[in-house]
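Spelled out from the first residue to the last, the chains are:
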Amino acid sequence: MEILKLKPVFKDYIWGGTRLKSDFGFESDYDKVAEGWMLSCHKDGRNIIDGGEFDGKTLDEVIDDCGKEKVVGTRSLDFPYFPVLIKLIDAKDNLSIQVHPDNDYAQRVEGEFGKTEIWYVLDATDDAQLVYGFKEKITSEEFQKAIEDNTLMDVLNTVKVKKGDLFFIEAGTVHAIGKGTLIAEIQQNSNSTYRVYDYGRIGADGKPRELHVKKAVDVSVTEPPKYDIKPMGQPEKHNGYVSTLLTKCDLFTVNHYDVSEKVTLCADKKSFNHILVVDGSGQINGKGLKKGDSFFVPASFGEYEICGKCEIIVTNI
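Residues numbered from 1 in each chain as written. Predicted model: local features only at pLDDT ≥ 70, side-chain atom pairs only at ≥ 80, totals over all residues. Heavy atoms only, no water.

1. Details of the layout of surface pockets
Over the atoms a probe the size of a water molecule is rolled, and this reveals where empty space is left.
Thought 1: Its volume calculated, the largest pocket comes out at about 700 Å³.
Thought 2: Elements with a minimum of two residues in the lining of the largest pocket: strand E7 (84–91), strand E9 (117–124), strand E13 (175–176) and strand E15 (194–197).
Thought 3: By residue class, the composition of the lining of the largest pocket is 11 nonpolar, 10 polar and 15 charged. (1 Å grid on protein atoms, 1.4 Å probe; cavity = no way out; pocket = protein on both sides within 12 Å on 5 of 7 lines; lining within 4 Å. Points joined across faces, edges and corners; volume = space filled by probe spheres on them. Helix = DSSP H or I, 4+ residues; strand = E, 2+ residues; numbered from the N terminus. Nonpolar A, V, L, I, M, F, W, Y, C, P; charged D, E, K, R; others polar.)

Structural data, given as structure tokens:
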């Protein structure tokens, strides 16, 4: 089975900007492109194969036709759904203050799985910041009161961000991406989001955007974050590339590669590899590769080579 190139799915949320079009060369009829879903089998946006034997089919159709274990890998049998969703996010304005439920709550209330995610900061303005948990531990009642009294920002932990920062957003962590940030997000395959505060913004329907305060209070862990704001591993120099482990957990493993000449990678029987090209250009097994490209390497594909000068994020499960 061949390496599959994926077409992104775009979202035009009100806080989005134009960098996914101007910097990545994506074509979209949307004036604002807030998100590009680069790997998705979610009902709210499914990637279509671009070229080759499966041209025009969705990725989940290919998985159904060829078999989950063969395409996604033996580790996928631990998951009753396609396990991850990968996005590029351009925040020209602040996102809402929000929180995602864990698996138990999401399955019971939303009929899908919860959402733990990571953010890898690709670029940020000098004044960019985001919300990451609470300054100090408070009770759920104090959290509810802060929302009602409009003093929520006083108790939340605000962090300045820069290129290369890594945030592990465990389900239950109150968070918000701030304006001026460009982010690669790797998350569980879920779209369950509870909005806590939205700066009084008006949605496309002319009404204030819906809040989900009760659910947010139910699922939020009202304490400071417990993870460092940096990749899990240190950069490791190799012949032709530098590799950095961004995150390794029971949901996904994510590595960053800064390729100066070439790197040889491998998709074994346990898991697919997803390649997100965040800068530069080159080739993948002899075929062209450029910034913004998204490739799905099926499980058991074996070794493949990426050469050129490029920056890639590789995800497996």
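2. Looking at the sheet that holds E7
Thought 1: One open sheet accounts for 6 strands, arranged E2-E3-E7-E14-E9-E12; its pairing is antiparallel. At either margin of the open sheet sits one strand with a lone partner, and together these are strand E2 (9–11) and strand E12 (166–169). Strand-to-strand twist in this sheet, taken as the mean axis angle between neighbours without regard to direction, amounts to 20 degrees. (Pairing = 2+ DSSP bridges. Axes fitted to C-alpha atoms, helices over the stretch in contact; angles between N-to-C directions.)

3. Side note on the pairing of strand E17 (residues 241–248)
As a general feature of sheets, a regular strand has side chains that alternate between the two faces.
Thought 1: In this structure, strand E16 (residues 236–238) lies alongside E17, joined through 3 bridges in antiparallel fashion. Looking at the pairing, Glu-236 lines up with Ser-243 of E17.
Thought 2: Hairpin connection, E16 to E17: the antiparallel pair is bridged by 2 residues, and Gly-240 has positive phi, about 100 degrees.
Thought 3: By the bridge criterion, 7 bridges tie E17 to strand E18 (residues 253–259) in an arrangement that is antiparallel. Counterpart to Val-242 in the pairing with E18 is Asp-258.
Thought 4: Connecting E17 to the antiparallel partner E18 that follows it, the hairpin turn spans 4 residues.

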